[in-house]
Amino acid sequence: MSKIVCVTGATSGIGRATAEIFAKNGYNLILTGRRKELLEAVGEELVKKYKIDLMLLNFDVRNREAVDKAFESLPSGWKNIDILVNNAGLAVGLEPVQDGNIDDWERMIDTNVKGLLYVSRKVLPWMVKNNAGHVFNIASIAGKETYANGNVYCATKSAVDSLSRAMRIDMVKHGIKVTNVAPGAVETEFSIVRFKGDLQRADNVYKGYEPLTGADIADTIYYVATLPDHVCINDLVITPKAQASATIFNKQL
Ligand code: NDP
Ligand code: 8X3
């Protein structure tokens, strides 16, 4: 039977590209996201192109009850998830702490940290029961290095980094692998969300160099997921060639 991959936040960017590469290689998919129509469109396209089996779970990762209900609604065979990609996440705003918008902080903490935990709390027991599985947590270079005005987003991604290490310790005796993925600049909807729809500001983030694409990260996840069973890559920082740290870029403007 084909393996099952669950990707949270599959309606866009890294999550969507990750869904595509696994589908292309014959994996069955559980895809999640809030934008129902978009989620359905992504799912339909992948089924048509790659003839895979698919389950769509439409929920907000911040809503603990909705997470619970969505995963419990899966038919029992679908609970044997082989690979979980904890990808759903976002940055909102870029201000110094004293000017920060507390609603933005709560969105980031609730999505990037609590949402990832709610999903993991549902899926990990099923992996433990099977004594097998691989979890990918999409952290960020922002979790490795704190940058000006990144405060709460950086803190949430440091938390993801720390949770990846914690999960690896708790999961090792159950034969479950945990890989932390920390991308640098990837051109997705990320900056549009961060700058609340300001397309010009978002566009400027990726000017003067070639940023990563969602597919670059997806390819890496697929490579790590398909290594021999005894090999586990624990942690990856992936940047464009033109990025040396969270803030140092070789831009040709
Ligand atoms: P996108 O904005 O393109 O995608 C984010 C995805 O997360 C969407 O599918 C969105 O779906 C989903 N999502 C966001 N909030 C929620 C929520 N509350 N409940 C359910 N799903 C949610 O950005 P990226 O692809 O770039 O981001 C993916 C991950 O990668 C994030 O965790 C981000 O922090 C991380 N990352 C991104 C980098 C970049 O430069 N782009 C670099 C480093 C890390 P929907 O809106 O339909 O719910
Ligand atoms: C996204 C990358 O550097 O904009 O996590 O925070 S960064």
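The present account deals with the structure reproduced in this document. The model shown is predicted, which means the values in this text are computed figures rather than measured ones. (Residues numbered from 1 in each chain as written. Chains lettered and ligands numbered in written order. Predicted model: local features only at pLDDT ≥ 70, side-chain atom pairs only at ≥ 80, totals over all residues. Heavy atoms only, no water.)

Counting residues in each nonpolar core, the largest one holds 31 residues, and the members touching the most others are Phe22, Leu29 and Leu31. Elements represented by at least two residues in this core include exactly strand S1 (4–7), helix H1 (13–24), strand S2 (28–33), helix H2 (36–50), strand S4 (83–86), strand S5 (133–138), helix H8 (214–225) and strand S7 (235–238). Not counting the four nearest positions on each side in its chain, leucine 29 is found in contact with Val5, Ala19, Phe22, Ala23, Leu46, Ile52, Asp53, Leu54, Met55 and Trp78. Counting 28 residues, the second largest nonpolar core, distinct from the first, contains Leu84, Leu116, Met127 and Ile176. (Core = buried A, V, L, I, M, F, W, Y, C linked by side-chain atoms within 4.5 Å. Buried < 20%, exposed > 50% of the residue type's maximum accessible area, 1.4 Å probe, protein only. Helix = DSSP H or I, 4+ residues; strand = E, 2+ residues; numbered from the N terminus. Contact = heavy atoms within 4.5 Å.)

Next up on the list: the sheet that holds S1. What the 7 strands build is an open sheet, ordered S3-S2-S1-S4-S5-S6-S7; its pairing is parallel. Only two strands of the sheet have a single partner each, and these edge strands are strand S3 (54–58) and S7. Shown here is a sheet whose adjacent strand axes are inclined to one another by a mean of 15°, direction ignored. In this structure, S1 lies alongside S2, joined through 4 bridges in parallel fashion. Bridged to valine 5 within S2 is leucine 29. (Pairing = 2+ DSSP bridges. Axes fitted to C-alpha atoms, helices over the stretch in contact; angles between N-to-C directions.)

Around ligand 1 there are 29 residues in total, and Thr11, Ser12, Arg34, Tyr153 and Thr188 lie nearest to it. Arginine 34 places a side-chain nitrogen or oxygen 2.6 Å from an oxygen atom of ligand 1. Within the contact set of ligand 1, an oxygen atom lies 2.9 Å away from a side-chain nitrogen or oxygen of lysine 157. The protein chains hide 97% of the 870 Å² of surface that ligand 1 would expose on its own. (Near = heavy atom within 4 Å. Polar contact = N/O pair within 3.5 Å; in protein donor to acceptor, adjacent residues only side chain to side chain. Areas by Shrake-Rupley, 256 points an atom, 1.4 Å probe, with all protein chains shown as cover.)

Our focus in this paragraph is the packing of aromatic side chains. A full pass over the atoms with the stated rule returns 7 aromatic pairs. An aromatic cluster is built from Phe22, Tyr27 and Tyr222, whose rings are joined through pairwise contacts. The cationic tip of lysine 251 hangs over the ring face of phenylalanine 249; the distance from NZ or CZ to the ring centre is 5.2 Å. (Phe/Tyr/Trp six-rings, centres within 6.5 Å; stacked < 30°, edge-to-face > 60°. Lys NZ or Arg CZ within 6 Å of the ring centre and 35° of its normal.)

Taking 1.5 Å per residue as the helical rise, H8 with its 12 residues ought to reach 16 Å, and the 16 Å between its terminal C-alpha atoms agrees with that figure. All of the buried residues along H8 are Gly214, Ile217, Ala218, Ile221, Tyr222, Val224 and Ala225. Buried positions in H8, seen along its axis, are confined to an arc of 165° and lie on one side of it. Its buried side turned inward, H8 meets H1, S4, S5, strand S6 (176–183) and S7. (Expected span 1.5 Å × (residues − 1). Arc of directions from axis to C-beta.)

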